[in-house]
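Coordinates in review
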Amino acid sequence: MGHLEIHGSPSPLSLQLLGGHGGATQPVPVPQEDGYVRLLRRQVQEVFQKSRMVAVCQYNSMPNEDVVTMQHYLRKHNIEVKFVLNEIVRPVLAQSKYRNLLPLFVCRNILLVSPETRAKEMLRVLKGVPQVNLLGACIDDTILSRQGVENFSRLPSLEASQGETVGALALLPSQTCSLLQQGPSLLTALLDAHIRRLRDTGTPGEPPQQQGTGSH
């Protein structure tokens, strides 16, 4: 299998900075370490700013081969996998309009990001990866639950909606012309029916003939 690329995965440096290496007490950070953390947080900011879809998933350990396979199928739909540290992501979200996503970052998480809204394709791939559970997402600056993402995936695509709109607009002139033509035709038919009815019952306005009463 190819090389497994893990974006934002914990390095010995970041683990030492975050106090998560070997249970050791947290050392006093040096400028180089602090700069590395700022770099990772800036990368997280860029992911949220440049992506129309950012999905937050719970990640359970799986063989590297399966991870590579999942990444391969997601990339076919222009979806990238980002491995992140909660200690890096949470401070970024807390100061942004995405703060409502914070409750999702309580376990080992990954982000599935795309410059397009590929919710339907993402769900199709995740259906075959039980180790990755979708928790929620931010799509076009709207925060959605898992159910919200599923509902969004069932909406027609923008291209389909545009096609339906163009088709409806193209029908308007012909429908208008048909309605305009139906008006005189309907009026003529009603007048013809009225005239026939009058012929059957006698001419309107004709005074009834008076019977003679003899000579005066």
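Report follows, based on the coordinates. On a predicted model such as this, the values are computed, not experimentally measured, just so you know.

Structural notes on the pairing of strand E4 (residues 132-139)
Within E4, 6 of the 8 residues are buried, which leaves it mostly tucked inside the rest of the structure. Inspection of the sheet shows strand E1 (residues 53-59) paired to E4 by 7 bridges, in the antiparallel sense. Paired with Tyr59 across the strands is Val132, a residue of E4. Relative to strand E5 (residues 142-145), E4 runs antiparallel, the two being bridged by 4 bridges. Bridge pairing in E5 places Cys138 opposite Ile143. Connecting E4 to the antiparallel partner E5 that follows it, the hairpin turn spans 2 residues, and Asp140 within it adopts a positive phi of roughly 50°.

Considerations on helix H3 (residues 64-75)
The terminal C-alpha atoms of H3, which comprises 12 residues, lie 16 Å apart, in line with the 16 Å expected from a rise of 1.5 Å per residue. Where H3 is concerned, the buried positions are Val67, Val68, Met70, Gln71 and Leu74. In a view along the axis of H3, the buried residues occupy a sector of 160°, so they form one face of it. Against the buried residues of H3 lie E1, strand E2 (80-83), strand E3 (109-114), helix H5 (119-126) and E4.

Thoughts on the packing of aromatic side chains
Scanning all chains against the criterion turns up 2 aromatic pairs. Each ring, one from Phe48 and one from Tyr98, has its centre 4.9 Å from the other, and the planes form 40°; the classification is tilted. Taken together, the positions of Phe48 in helix H2 (residues 31-50) and Tyr98 in the loop between helix H4 (86-94) and E3 put the pair 50 residues apart, joining distant regions of the chain. The two residues Phe48 and Tyr98 agree in class, both being buried. Relative to Phe83, the ring of Tyr59 has its centre 5.2 Å away and its plane inclined at 85°; by these criteria the two rings are edge-to-face. You can see Tyr59 sitting in strand E1 and its partner Phe83 sitting in strand E2, a full 24 residues away along the chain.

Comments concerning the environment of Phe48
Residue classification places Phe48 among the buried positions, given a relative accessible area of 4%. Taking the C-alpha atoms as reference points, Phe48 and Tyr98, separated by 50 residues in sequence, lie 8.6 Å from one another. Residues in contact with Phe48, not counting those within four places in the same chain, are Val54, Leu93, Tyr98, Leu101 and Leu111.

Rules of the game
Residues numbered from 1 in each chain as written. Predicted model: local features only at pLDDT ≥ 70, side-chain atom pairs only at ≥ 80, totals over all residues. Heavy atoms only, no water. Buried < 20%, exposed > 50% of the residue type's maximum accessible area, 1.4 Å probe, protein only. Helix = DSSP H or I, 4+ residues; strand = E, 2+ residues; numbered from the N terminus. Pairing = 2+ DSSP bridges. Expected span 1.5 Å × (residues − 1). Arc of directions from axis to C-beta. Contact = heavy atoms within 4.5 Å. Phe/Tyr/Trp six-rings, centres within 6.5 Å; stacked < 30°, edge-to-face > 60°.

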